[in-house]
Structure formats: structure tokens, C-alpha cells
Amino acid sequence: MHQVALKRTLTALAFTSPSAAYGGVRPGFAVSSVTAGTKYSRSRNRLFSSSSFNAPEPPQSKGFNVYNDIDFSVSTGQSSQSSIRNSDPDAVFVINGASRGIGLQFLRKLLKDTKGNIVACCRSPDDAIGLQELLLSLEGSKSRDRIDLIKLDIENQDSIEQAVLEIERKYNRVDLLLNVAGILGDGKNTPGPERSLLKIEKGWLEKSFQVNVIGPLMLSKELAPLMTQKRRTTKKKASNKDNEELIVEKKRPVAIIANLSARVGSISDNFLGGWYSYRMSKAALNQATRTLANELKRESVWCVALHPGTTDTDLSAPFQKNVQEGRLFPVEFTVDSLMKVIDSMEEENTGGLYDWAGKAIPF
Ligand SMILES: NC(=O)c1ccc[n+]([C@@H]2O[C@H](COP(=O)([O-])OP(=O)(O)OC[C@H]3O[C@@H](n4cnc5c(N)ncnc54)[C@H](OP(=O)(O)O)[C@@H]3O)[C@@H](O)[C@H]2O)c1
């Protein structure tokens, strides 16, 4: 083919919409060649012109609510998964992002409402003032012994792997993983949240994905072996009333991965635009949550993406003046509500995106 004709064809492709430019090619389909005058002539090793190609019907979109709301009337009994998990002194709760805000409040909540070990992860433990104050106030108490502080920078794969090795060595199990760490930016000192396309900066977009979705997903991957069913029946020595030694088997309840997401990550709910990096990374987190849920359900791990509602933390501080009276949640309310959602989950809810009130949000 003529170099000029080839260049013209490739230039035309570059200015079409992404889907047209890729000609609907799906993974596994070979791109055979691009010929001048034969647009998007690609399929399984065959060439045909755009006019002779009969596009198949696209699959029906299931973009609206595919999940039921959380039913708070079930699973509150003592035999429920959450009651067993919360009353087990051997259970392990991991918080990614425990230094402040919602993550730090989850630590307080777990201390109050559960009996197990709490692994509080944050990237700079020495600088985490709120967390250090809490630990100091608990000094010498049994509660303090339940908290394990582990350094974790969710942007760094080595840090993720080191933290997981430590959790494996010390506990060899995880019952609840709370992926709370997240960034939005303030629009002044950071490029995000972006008000328009022109404000997007590649570095911030990448960082948002790293903190908001890639890090949490990699942490979930590394911790998954400590959450799956194979490891969940523990054997303990005990003795009966005649002092005979027995081996007691304790079946661990379903483990949960809860990812802190945001309503603005919902694609069907997006009628405003803006906030590209945050919206895109949370949408990706919702997809990751659902994909994980499909895979891990078989191994008794449920996953959920949660929208906390606008909560009074550092993250929302730059935008609070736009929040309607009575709509800014105290962090205690948010965490109480989210914990209730997590504790009331049933298998049918795994993979869903839920708000603080347990209402399913369409993807
Ligand atoms: N607050 C809201 O209104 C609201 C609304 C919707 C969704 N959310 C979501 O809820 C989650 C918690 O938000 P928040 O309001 O509690 O925010 P926050 O007060 O700003 O706290 C953010 C947390 O993320 C951690 N973090 C950031 N980058 C990190 C990194 N590279 N490695 C490890 N940790 C990192 C921070 O640790 P450092 O202290 O080390 O910086 C901090 O613990 C986020 O995922 C957010 O998107 C919040």
C-alpha cells in the first residue's frame, strides 16, 4: 500500500470514536490488516468492507439495579455470619487506611463491637496523629492488645506484600478486609477533582487509580488466600467434663471484602460530569468488586462496594460549603451505618454497590 494512503487511513482512524476506531474488535480476534479504501476491515483473519459487515445485536444492557437492597430484618440472630465473626476472639479484621477519617472510626467501631484482632494499616504510623492518640488512650488496656499497627502504602506493591507477609505470619487468617484508603484531592493543591477535561493531569489520574482501585485490588489478591474456605476450619484442643482431650473444630463464617467507593462512581447516575479521576477510579473499583465477588463466592468470601454518604472528614472538607443543611454525616453515623450494611449482607448482596442505608445503587 502507498505510504500516503496508509497515513490518511490511520489519521482517519485516530479521529473516530474509540469504539469505532477499534472496530468492535474483541480480545482474541486478530487484526489482519488495514487497507486504504476498506475501512475497519478486521475480523477473524478475514477482510470485508464496512458496507458488507452485518453487525450483531449488542447484548442487552443491565445497567440498572441488578441487586436487591440489603434486608436488615434477616441475619441479626446469634447464628448469623456476622455474629459469629464479631464474637470470635480469633477473628482478624484488617483496615487499609486506619490513620484518620472513616478508617480510624472503623477501628473504634471494631474495638467496641467485636472481639477479634484488628490490624490497623496506614502508610505513616508515626504521623497518624488521630490513630496515635487513640492508641495512647488505650495504653495498658486489653483493647490495646487487640490492635496491631502495620505500615502499608497502598501505592507500593512491595509495601502491600510486606504487610501481607506480616499478617500471614502473625494470624494466618483474615475475616474482614476494609479497603478504606482513598483520594479525591481539593482542586487547589492537587489537580483533582477535575472540573473539566482540560484539568486532567496524567499523574493525578494514575495516582487516583493506584490508591482507589489498583492498591485495594492487589491487597485483596494477596490476602484472599487467608480468607478462603480451605483455611477456615480451625482445630483446637479442649477437654470434656471427664478431662478427656478433644479436638474441637470451629467453622469460620464467610469472610468479607468491603471497598469504600462513592455514588459518583456510578455511571448510570452521572448526569453532572467532572471529577474524572475520582469517578473513573471508583467505577473501576465497583467493577473490581463485582468481578471479585463472582470469583470468591465459591470460596465463601463476599465482596461489597460501599457509598458512605458525604461524611465530615478531611476528604470532604474542601466541598462542605456546598452540602445542604443536615446532609453532612458525622463519621460515627457513617461507620455505624456501613457496619450495619456489612453485618447484614447475605450471599445475594455480594458484588453490589450499596449506600450507607443499604440501598442498592445502580452501576
Ligand atoms: N468523606 C466522604 O464524604 C466520602 C464520600 C464518598 C466516599 N468516600 C470514600 O471513603 C473512603 C475514606 O474517606 P475519608 O473521608 O475517610 O478520607 P480521609 O479522611 O481523607 O482519609 C483518607 C485515608 O486514605 C489514606 N491514604 C491515602 N493515600 C494512601 C496511600 N498511598 N497509602 C495508604 N493510605 C492512603 C489516608 O492516609 P494518610 O493519613 O497517610 O494520608 C487516610 O487514612 C475513601 O475511599 C473515600 O473515597 C468518602
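About the thresholds
Residues numbered from 1 in each chain as written. Predicted model: local features only at pLDDT ≥ 70, side-chain atom pairs only at ≥ 80, totals over all residues. Pairing = 2+ DSSP bridges. Helix = DSSP H or I, 4+ residues; strand = E, 2+ residues; numbered from the N terminus. Axes fitted to C-alpha atoms, helices over the stretch in contact; angles between N-to-C directions. Contact = placed C-beta atoms within 7 Å. Expected span 1.5 Å × (residues − 1). Buried ≥ 20, exposed ≤ 12 C-beta atoms within 10 Å, placed from the backbone. Near = placed C-beta within 6 Å. Nonpolar A, V, L, I, M, F, W, Y, C, P; charged D, E, K, R; others polar.

Student: So, the sheet that holds strand S2 (residues 117-122): which residues are in play, and what are the values?
Tutor: Judged by pairing direction, the sheet is parallel, and its 7 strands sit side by side in the order S3-S2-S1-S4-S7-S8-S9 without closing on themselves. Both edges of this open sheet fall to strand S3 (147-151) and strand S9 (353-355), since each of them pairs with a single strand only. Across the sheet, the mean angle separating the axes of adjacent strands is 20 degrees when strand polarity is ignored. In this structure, strand S1 (residues 92-96) lies alongside strand S4 (residues 176-179), joined through 4 bridges in parallel fashion. By the bridge assignment for S4, Asn-96 is matched with Asn-179. The strands touched by helix H9 (residues 276-296) within the sheet are strand S7 (255-260), strand S8 (301-307) and S9, with S8 carrying the most contacts at an inclination of about 160 degrees.

Student: Which residues make up helix H4 (residues 101-113), and what values do they have?
Tutor: Taking 1.5 Å of rise per residue, 13 residues should cover 18 Å, and H4 covers 19 Å from first to last C-alpha, within 8% of that figure. Those residues of H4 that fall on the buried side of the exposure criterion are Gly-101, Ile-102, Gly-103, Leu-104, Gln-105, Phe-106, Leu-107 and Leu-110. For H4, the secondary structure elements touched by its buried residues are S1, S2, helix H5 (129-138), S4, S7 and helix H10 (331-343).

Student: Requested: an account of the site of the ligand, with residues and values cited.
Tutor: Close to the ligand lie 29 residues; Gly-101, Ile-102, Gly-182, Thr-313 and Leu-315 are nearest. By residue number, the principal contributor to the shell around the ligand is H4, which donates 3 residues. Considered class by class, the residues forming the shell around the ligand number 14 nonpolar, 10 polar and 5 charged.

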